[in-house]
Amino acid sequence: MKVCIAGLGAIGGLFAARLAAAGHEVSALARGGTLAAVRERGLVLTSNAGERSVQRIDAAANAGELPVPDLLVIAMKGHALAADARSLAPLIGPQTTVLPAMNGVPWWFLQGAPLTNVDPHGRIAATLPLAQTLGAVIHLTCHTTAPAEVRHGFGERVIVGEPTGGASRRADDIAGALAGAGFQAETSSDIRRDIWFKLWGNMTTNPISALTGAACDAILDDDLVRAFMARAMTEAAAIGARVGCPIEQSPEARMAVTRQLGSFKTSMLYDAEAGRALEIEALIGAVREIGLRVGVATPNIDALLGLTRLMARTRGLTSPP
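These numbers were taken from a predicted model, which means no experiment stands behind them.

Observations regarding the overall build of the chain
And then number 1: A count of helical and extended segments in the chain gives twelve helices and twelve strands.
And then number 2: Against the 2.2 N^0.38 benchmark of 20 Å for 321 residues, the chain shows a C-alpha radius of gyration of 19 Å, consistent with a compact globule.
And then number 3: With the C-alpha coordinates of the chain rotated into their principal frame, the extents come out at 50 × 40 × 35 Å.
And then number 4: Per-residue burial over the chain gives 52% buried out of 321 residues.
And then number 5: Expressed as a percentage of contacts within the chain between residues at least 6 apart in sequence, the contacts between residues at least 24 apart total 73%.
And then number 6: Accessible area of the chain: about 13200 Å², with a carbon and sulfur share of 52%.
And then number 7: Across the chain, the 29 positively charged side chains and the 29 negatively charged ones have centroids separated by 3 Å.

This is the structure:
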């Protein structure tokens, strides 16, 4: 299979390295130091067991220099995709499947009702055909240790499914390819619900970690912070129930699962420490936007969103409009 990875950061680098090692023809869209490093010495992946591998892949800064793939994996941050979506057009042929491997609420989530927090200028919807797009949820951790160097943390689970629900041959095929590359891949007949469930779990820990600099175990050890998170999660669960994504678990039960993972940094905390723009709107802003549309009050989510936006502006961690 011809695969192109758009965004060669932590998740993109993991996908690229694993798929290349499995024998797929992998190319990548990358820039700056990452592009230079990949061209000079390849893409380096260190497993959670400490095993190091190097994969040589074709990489370019311009999508027009890369072959049109069978599978386009988008591993960009939400704000980067909103700004640069049109640059991906040369990578989308009539048979290309688009797989966004991203956090938060995707642009297509409300099925025809655009989310201005996620796609403020309509560039994503205009460039990425919904009919060629699969939904995905990534349940694993990894981070970059240097340009084009990725270290896998824990977790292997990747869920893929049709945005409109149900089963499909292409979802089965993509899940099979990912399973062959070492992921614990599965298909879902209701990927929207899987997306909302993951969001429900990380829409609080990610921004709180960036605000405080704390790892997840320290966050959950604070009674007041944990209670605030539970209130925000209750609001998000009420929104989910209105949009066909009910959540049966309690906030406390979900936080207990996170606690079992021990001390780890969220992806947003890694971004904050590295001085990168934070992925705020897809994780929190879109939740507030959907809440406004379906009539669910979100005072705790509003407070979290306002504080995180203010911190990002103050520290220069925002993306260009």
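As for the sheet that holds strand β9 (residues 142-146)
And then number 1: Within the open sheet, the four strands sit side by side as β4-β3-β10-β9. Their pairing is mixed. The outermost strands of the open sheet, each flanked by one partner alone, are β4 (52-55) and β9. Geometrically, the sheet is characterised by an average inter-axis angle of 25° between neighbouring strands, direction not taken into account.
And then number 2: Here strand β3 (residues 43-46) pairs with β4 via four bridges, running antiparallel. Considered in β4, the bridge of L45 is made with S53.

Some words on the pattern of salt bridges
And then number 1: Under the counting rule described, the total for this entry stands at 15 salt bridges.
And then number 2: The residue R157 makes a salt bridge to E186 at a minimum N-O spacing of 2.9 Å. Here R157 is found in strand β11 (residues 157-161), whereas its partner E186 is found in strand β12 (residues 184-187), with 29 residues between them in sequence.
And then number 3: The exposure class assigned to R157 is partly exposed, which follows from its relative accessible area of 31%.

As for the packing of helix α8 (residues 223-242) against helix α11 (residues 281-294)
And then number 1: Contact pair α8 / α11: the axes reach a minimum separation of 10 Å and the direction vectors enclose 55°. Taken together, the axes of α8 and α11 lie oblique to each other. Remark: the crossing between α8 and α11 carries left-handed chirality. For the pair α8 and α11, the contacting residues are A236, I239 and R242 in the first and V287, I290, G291 and V294 in the second.
And then number 2: Grouping the amino acids of the contact of α8 with α11 by side-chain chemistry returns five nonpolar, one polar and one charged.

Here we look at the sheet that holds β12
And then number 1: Taken in spatial order, the three strands make up an open sheet running β8-β11-β12, and their pairing is mixed. The open sheet is flanked by β8 (135-139) and β12, the only strands paired with a single partner. Neighbour to neighbour, the strand axes of the sheet diverge by 15° on average, direction disregarded.
And then number 2: Both β8 and β11 contribute to a ladder of five bridges, which runs antiparallel. Its bridge partner being in β11, A136 is matched across the sheet by V160.
And then number 3: Against the sheet, helix α5 (residues 169-180) touches β11 and β12, its axis set at about 175° to β12.

Some details on unusual backbone geometry
In terms of backbone geometry, most residues other than glycine have negative phi values and most peptide bonds are trans.
And then number 1: Its identity is not glycine, yet A148 carries a phi of approximately 65°, on the positive side.
And then number 2: One can find A148 in the loop between β9 and β10 (149-152).

Re the environment of S267
And then number 1: As for its placement among the helices and strands, S267 is situated in helix α10 (residues 267-274).
And then number 2: The spatial distance from the C-alpha of S267 to the C-alpha of A210 is 9.0 Å, given a sequence separation of 57 residues.
And then number 3: Beyond its immediate chain neighbours, meaning those up to four positions away, S267 contacts K77, N103 and N206.
And then number 4: A distance of 3.3 Å separates the side chain of S267 from the side chain of N206, its partner in a polar contact.

A closer look at α5
And then number 1: An ideal rise of 1.5 Å per residue puts 16 Å on twelve residues; α5 measures up with 16 Å between its terminal C-alpha atoms.
And then number 2: Along α5, the residues that are buried comprise A171, I174, A175, A177 and L178. Around the axis of α5, the buried residues are gathered within 160° of arc, so they sit on the same side. Residues of α5 that are exposed and point more than 90 degrees away from the buried face comprise R169 and G180.
And then number 3: Trailing α5 by a residue or two, G182 shows a phi angle of about 100°, which is positive.

Side note on the nonpolar core
If you look at soluble globular proteins, the nonpolar side chains tend to sit buried side by side.
And then number 1: I74, L81, L88, F109, L128, W196 and L278 are the most contacted members of the largest nonpolar core, which totals 66 residues.
And then number 2: Counting residues in hydrophobic clusters, the runner-up holds 39 residues, among them A30, L35, I138 and L140.

Reading the values: rules and limits
Residues numbered from 1 in each chain as written. Predicted model: local features only at pLDDT ≥ 70, side-chain atom pairs only at ≥ 80, totals over all residues. Heavy atoms only, no water. Helix = DSSP H or I, 4+ residues; strand = E, 2+ residues; numbered from the N terminus. Rg over C-alpha atoms; globule rule 2.2 N^0.38 Å. Buried < 20%, exposed > 50% of the residue type's maximum accessible area, 1.4 Å probe, protein only. Contact = heavy atoms within 4.5 Å. Areas by Shrake-Rupley, 256 points an atom, 1.4 Å probe, with all protein chains shown as cover. Lys, Arg positive; Asp, Glu negative; His and termini not counted. Charge placed at Lys NZ, Arg CZ, Asp CG, Glu CD. Pairing = 2+ DSSP bridges. Axes fitted to C-alpha atoms, helices over the stretch in contact; angles between N-to-C directions. Salt bridge = Lys/Arg side-chain N within 4 Å of Asp/Glu carboxyl O. Parallel < 35°, antiparallel > 145°, perpendicular 65-115°, else oblique. Left-handed = near helix turned anticlockwise from the far one by under 90°. Nonpolar A, V, L, I, M, F, W, Y, C, P; charged D, E, K, R; others polar. Polar contact = N/O pair within 3.5 Å; in protein donor to acceptor, adjacent residues only side chain to side chain. Expected span 1.5 Å × (residues − 1). Arc of directions from axis to C-beta. Core = buried A, V, L, I, M, F, W, Y, C linked by side-chain atoms within 4.5 Å.

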